[in-house]
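Here is how the chains run, residue by residue.
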Amino acid sequence: EAKVKEQLGYVPRNMVKVAAWTSDGWPAAIEASPLRHDGKTAIPFPTLYWLTDQRLSASISGIERNGGVQEASEFVRDKLSILLAAQERYQRRRNELLTEDDAALLRLRGWELQGIAGIRNVEKVKCLHAHFAHFLCDQTKPVNPIGAWTYNRLPPEIQALCDLS
């Protein structure tokens, strides 16, 4: 938690654990609870895996600024079955993190947890950061194809930070 606090300036209330580390020993991404409890209220949090390493985030922001979201959307069109498999694992893991009370609250309020980064339409890429964090944290085959696509566009020195074991 101390390293996450150093990176972000705080520890997210809904942080479950550091889910991926960089090769130089810093948290790369955290796993976050799907509901963020703030006192008496609970707020849905759509991002299961959240990048904390600013070097990774900055590089991915550069890819997004240069048309990466649109390019990734075009790339994944013929890989939807692979993306759907990754999305199902993402949703399954998020549901595993829900307590019985949290699941009951979701049903009571009619909240539906969506896919990666809260996306409803799997064909529409919204956030390369979220897909890349999923790719880093879950190397189960088939890996998130958008996360892998993003990884392949990172500069070699940034790729070297990624522990894909």
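Before going into details, it helps to say that this report is about the structure given with it. By convention here, each chain's residues receive numbers from 1 onward along its written sequence. Thresholds applied to this predicted model are a pLDDT of at least 70 for local features of residues and 80 or more for the giving and counting of side-chain atom pairs; totals over whole chains, interfaces and linings are not thresholded and use all residues. Heavy atoms throughout the structure, all of them, feed into the side-chain values; hydrogens and water do not.

Pairing between two strands is assigned when DSSP locates at least 2 bridges connecting them. Under the scheme used here, helices are H or I runs from DSSP no shorter than 4 residues and strands are E runs no shorter than 2 residues, and both carry numbers assigned from the N terminus. One open sheet accounts for three strands, arranged 1-2-5; its pairing is antiparallel. The open sheet terminates on both sides in strands that have one partner only, identified here as strand 1 (15-21) and strand 5 (49-51). Mean inter-strand twist for the sheet, computed between neighbouring axes without regard to direction, equals 30°. Residues are treated as being in contact if the distance between any of their heavy atoms lies within 4.5 Å. To get an axis, fit a line to the C-alpha atoms, keeping to the stretch in contact for a helix; angles then go from 0 to 180 degrees between the N-to-C directions. Packed onto the sheet, helix 6 (residues 128-137) meets strand 1, strand 2 (27-32) and strand 5 and runs at close to 110° relative to strand 5.

We now examine the environment of Ala-32. Along the chain, the position of Ala-32 falls in strand 2. Using a 1.4 Å probe on the protein chains alone, a residue whose accessible area is under 20% of its type maximum counts as buried, one over 50% counts as exposed, and one in between counts as partly exposed. Under the relative-accessibility criterion, Ala-32 is labelled buried at 0%. Along the backbone, Ala-32 and Val-16 are 16 residues apart, and their C-alpha atoms lie at a distance of 5.2 Å. Setting aside its immediate chain neighbours within four residues, Ala-32 contacts Asn-14, Met-15, Val-16, Phe-45, Thr-47, Leu-48 and Leu-97.

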